[in-house]
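# Geometric and topological summary
Listed below, chain by chain, are the residues.
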Amino acid sequence: REGKTDYRARGKMVRQEKSKFNTRKYRLIVRFTNRRCICQIAYATIRGDMMVAQASSSELEKYGVPCGHKNYAAAYCTGLLVARRVLKKFGLDEKFKGK
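Values in this document were obtained by computation on a predicted structure and should not be read as measured data.

About the criteria used
Residues numbered from 1 in each chain as written. Predicted model: local features only at pLDDT ≥ 70, side-chain atom pairs only at ≥ 80, totals over all residues. Heavy atoms only, no water. Salt bridge = Lys/Arg side-chain N within 4 Å of Asp/Glu carboxyl O. Helix = DSSP H or I, 4+ residues; strand = E, 2+ residues; numbered from the N terminus. Contact = heavy atoms within 4.5 Å. Buried < 20%, exposed > 50% of the residue type's maximum accessible area, 1.4 Å probe, protein only. Polar contact = N/O pair within 3.5 Å; in protein donor to acceptor, adjacent residues only side chain to side chain. Core = buried A, V, L, I, M, F, W, Y, C linked by side-chain atoms within 4.5 Å.

To continue, consider the pattern of salt bridges. Under the criterion given, the structure shown has four salt bridges. Ionic pairing is found between D49 and R27, a salt bridge with its closest N-O pair at 2.6 Å. Of the two residues, D49 sits in strand 3 (residues 49-56) while R27 sits in strand 1 (residues 27-32), which places them 22 residues apart along the sequence. In this structure, E94 engages K97 in a salt bridge whose closest nitrogen and oxygen atoms are separated by 3.0 Å.

The next thing to look at is the environment of M13. Mapped onto the elements, M13 comes out in helix 1 (residues 7-14). Considering only alpha carbons, one finds M13 and V86, 73 residues apart in sequence, at a separation of 20 Å. Once residues lying within four places of it in the same chain are set aside, the contact partners of M13 are K25 and R27.

With that settled, the discussion passes to the side chain of R27. For R27, a relative accessible area of 11% corresponds to the buried category. Engagement of the side chain of R27 in a polar contact is seen with the side chain of D49, the distance being 2.6 Å. Setting aside chain neighbours within four positions, we find R27 in contact with R10, M13, V14, Q40, I41, A42, Y43, A44 and D49.

All right, on to the nonpolar core then. C37, C39, I41, Y43, V52, A53, A55, A75, L81, V82 and V86 form the largest nonpolar core, which has eleven residues in total. Those elements that place two or more of their residues in this core are strand 2 (37-44), strand 3 and helix 2 (72-89). Look past the residues within four positions of A53 in its chain and what remains in contact with it is C39, Q40, I41, V82, R85 and V86.

Checked against the element boundaries, S57 lands in the loop between strand 3 and helix 2. In terms of polar contacts, S57 uses its side chain to reach the backbone amide nitrogen of C37, at 2.8 Å.

All we've got here are geometric facts, nothing functional implied.
Now the structure itself:
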């Protein structure tokens, strides 16, 4: 174990009403390492957490951000990148256009 997850807080977050059985409750997970920021969208099942999409700030080099992959701006850009990937996966990218 690396101790990255607070399981008491995670349990509160993924707990659902019994009338909403097997409904996906999505959450955004953000982790900062020593060199980059990692954003993931996940939902909980009995078998374990299922990842819907993932983006890392090291991928921002492809979009014109050459350095500074651990600061606040890089976290914001990484969050936008993972959000666009989720919208594309669910087929909603044409409905929600970016500026």
